[in-house]
Amino acid sequence: MKTTINRVSEFLGQEVTIGAWLANKRSSGKIAFLQLRDGTGFMQGVVVKAAVTEEVFQLAKTVTQESSLFVTGTIVEDSRSPFGYEMQVTKIELIASAVDYPITPKEHGTEFLMDHRHLWLRSKKQHAIMKIRDQIIQATYQFFDKEGFTKIDPPILTGAAAEGTTELFHTQYFDEEAYLSQSGQLYMEAAAMAFNRVFSFGPTFRAEKSKTRRHLIEFWMIEPEMAFVTHEESLAVQEQYVQYIVESVLTNCALELHTLERNIDALKKVKAPFPRITYDQAIDILKEKGFADIEWGEDFGAPHETAIAESYDQPVFITHYPKDIKAFYMKPDPERDDVVLCADLIAPEGYGEIIGGSARIDDLELMEQRYQEHDLSGAAYQWYLELRKFGSVPHAGFGLGLERTVAWISGAEHVRETIPFPRLLNRLYP
Ligand code: 4AD
Ligand code: MG
């Protein structure tokens, strides 16, 4: 019977065959321990000299790292490993031998590993991070489906900027200039007027020259948008969504979290409602914490976000930022014209902003005024203005950055390890 490592529990006491690669091995004169991986999991295969043919034992002793094999044997319980099962090997068939695999069990530098990302993905830790990423993706679809959202796909090639023109990748679009999308939001607002509650999930691109552990050039964003919804109501959806994905990883990725040595207790504390502070309060907290130079009106950087997050063991919303440091479409606070109805959600443990969201301006005249102030008179933005002409409604939405969320939940130090093939300031290979 042919099966995969993630299904061996169904075959306890039975003989099965698994297609696998050799991740690592240990052997002595009488026994060989093969660390097998097949992409669905990692499992030990035990080859006892006395129990197999001489040929099989010789192969077990000499097979090289990352060679591919068909391994046959009986599945038994193994209470010492977190996986819980191992194989008592009876037969090994070599498919293809690997010579001088560059990533050995010893330590390697990050640049070396990034240059070999196409192979590094096979390693146990990288595998665990990608499985957590996949779980967050699945939980995202489940959550928004359960909450009555329709998935709508905005275009990637666009004629206008959503977040500000300095971060755009230009490309020629026949006779026109086009840009790679930095956010699908403007299109999602159109979609919300057609489908009420919508979300998108796709790649976005930022040509910003940031070289931090939180910035990718290409990253994936989940962007929900809701008609007839206030800023407050949007915050409630955000915290429920984040709680849902954390719970789903805790439930379904226990082995991966164990592999990554993630502190589970910190994740178990993530329960809505999350604390909320205003930008003004954040400024006071920062001054108290020794950021003497911070002035009202300045944007927060990573050290500021980390300092604020330290006071909480939950994600924290910072709301009501000054209008001048936020995007043109954000709705002003009706009680105070210099701040907008927005929030950034800051993850605990120093992982920084994982969500940016706001209520959107729904008043046509105010939006026209913003168009003047931000010089958005070009043809590319006309359709967006029409959403305010034909049955405008209060609406709000947000964007969650997938990789920063994966980094936080999996405990990865840098977002480059949270996407299969990262695009960074100095990296387009592999
Ligand atoms: O705060 P941002 O720029 O918000 C928007 O793009 C809005 N249009 C979203 C919306 O309201 N529909 O980006 C949202 C999130 C950030 O909180 C962060 O998690 C992630 O996207 N993000 C990045 N992740 C990795 N690398 C980068 N360079 C990122 N820039 C933003
Ligand atoms: Mg932001």
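What counts, and where the lines are drawn
- Residues numbered from 1 in each chain as written.
- Chains lettered and ligands numbered in written order.
- Predicted model: local features only at pLDDT ≥ 70, side-chain atom pairs only at ≥ 80, totals over all residues.
- Heavy atoms only, no water.
- Pairing = 2+ DSSP bridges.
- Helix = DSSP H or I, 4+ residues; strand = E, 2+ residues; numbered from the N terminus.
- Buried < 20%, exposed > 50% of the residue type's maximum accessible area, 1.4 Å probe, protein only.
- Arc of directions from axis to C-beta.
- Contact = heavy atoms within 4.5 Å.
- Axes fitted to C-alpha atoms, helices over the stretch in contact; angles between N-to-C directions.
- Parallel < 35°, antiparallel > 145°, perpendicular 65-115°, else oblique.
- Left-handed = near helix turned anticlockwise from the far one by under 90°.
- Nonpolar A, V, L, I, M, F, W, Y, C, P; charged D, E, K, R; others polar.

A.B. asks: Where do I start with the sheet that holds strand 10 (residues 176–180) in this structure?
C.D. replies: The three strands are arranged 8-10-9 in an open sheet whose pairing can be described as antiparallel. Where the open sheet ends on each side, the last strands, each with one partner, are strand 8 (157–158) and strand 9 (169–173). Pairing between strand 8 and strand 10: two bridges, direction antiparallel. From the neighbouring strand, L157 faces strand 10, where its bridge partner is L180.

A.B. asks: Sorry, what's going on with the environment of K389 here?
C.D. replies: Its place among the elements puts K389 in the loop between helix 12 (382–386) and strand 19 (395–401). Judged by its relative accessible area of 43%, K389 falls in the partly exposed class. Along the chain, K389 and A98 lie 291 residues apart, while their C-alpha atoms are 64 Å from each other.

A.B. asks: Just to check I follow, could you spell out the pairing of strand 17 (residues 342–347) for this structure?
C.D. replies: Strand residues, when the strand is regular, have side chains that alternate between the two faces of the sheet. Counting buried residues in strand 17 gives six out of six residues, a clear majority hidden from the surface. Side-chain alternation along strand 17 places C342, D344 and I346 on one buried face and A343, L345 and A347 on a second face that is also buried. Across four bridges, strand 14 (residues 316–319) lies against strand 17 in antiparallel orientation. Counterpart to I318 in the pairing with strand 17 is D344. Alignment of strand 17 against strand 18 (residues 352–359), held across six bridges, turns out to be antiparallel. Residue pairing for strand 18: A347 is matched across the bridge by G352.

A.B. asks: Just checking my understanding: could you explain helix 1 (residues 54–62) for this structure?
C.D. replies: Given 3.6 residues to a turn, an α-helix orients residues that are three or four positions apart in the same direction. Where helix 1 is concerned, the buried positions are V56, F57, L59 and A60. For helix 1, the angular spread of buried residues about the axis comes to 160 degrees, placing them on one side. In helix 1, the exposed positions that point more than 90 degrees away from the buried face belong to E55 and T62. Of the surrounding elements, those touching the buried residues of helix 1 are strand 2 (15–27), strand 3 (31–37), strand 4 (42–48) and strand 6 (85–96).

A.B. asks: Even after reading the chapter, I still don't get the packing of helix 4 (residues 124–146) against helix 6 (residues 231–252), so can you show me in this structure?
C.D. replies: The geometry of a pair of packed helices is captured by two quantities: the angle between their axes and the separation between those axes. Following both chains from N to C, one finds helix 4 and helix 6 inclined at 135 degrees, their axes separated by 9 Å at the closest point. In terms of their interaxial angle, helix 4 and helix 6 are classed as oblique. The element helix 4 and its partner helix 6 pack so that their crossing is right-handed. Across the interface between the two elements, I132, Q135, I136, A139, T140, Q142, F143, F144 and K146 of helix 4 pack against V237, Q240, Y241, Y244, I245, S248, V249 and N252 of helix 6. In the contact of helix 4 with helix 6, the residues fall into 10 nonpolar, six polar and one charged.

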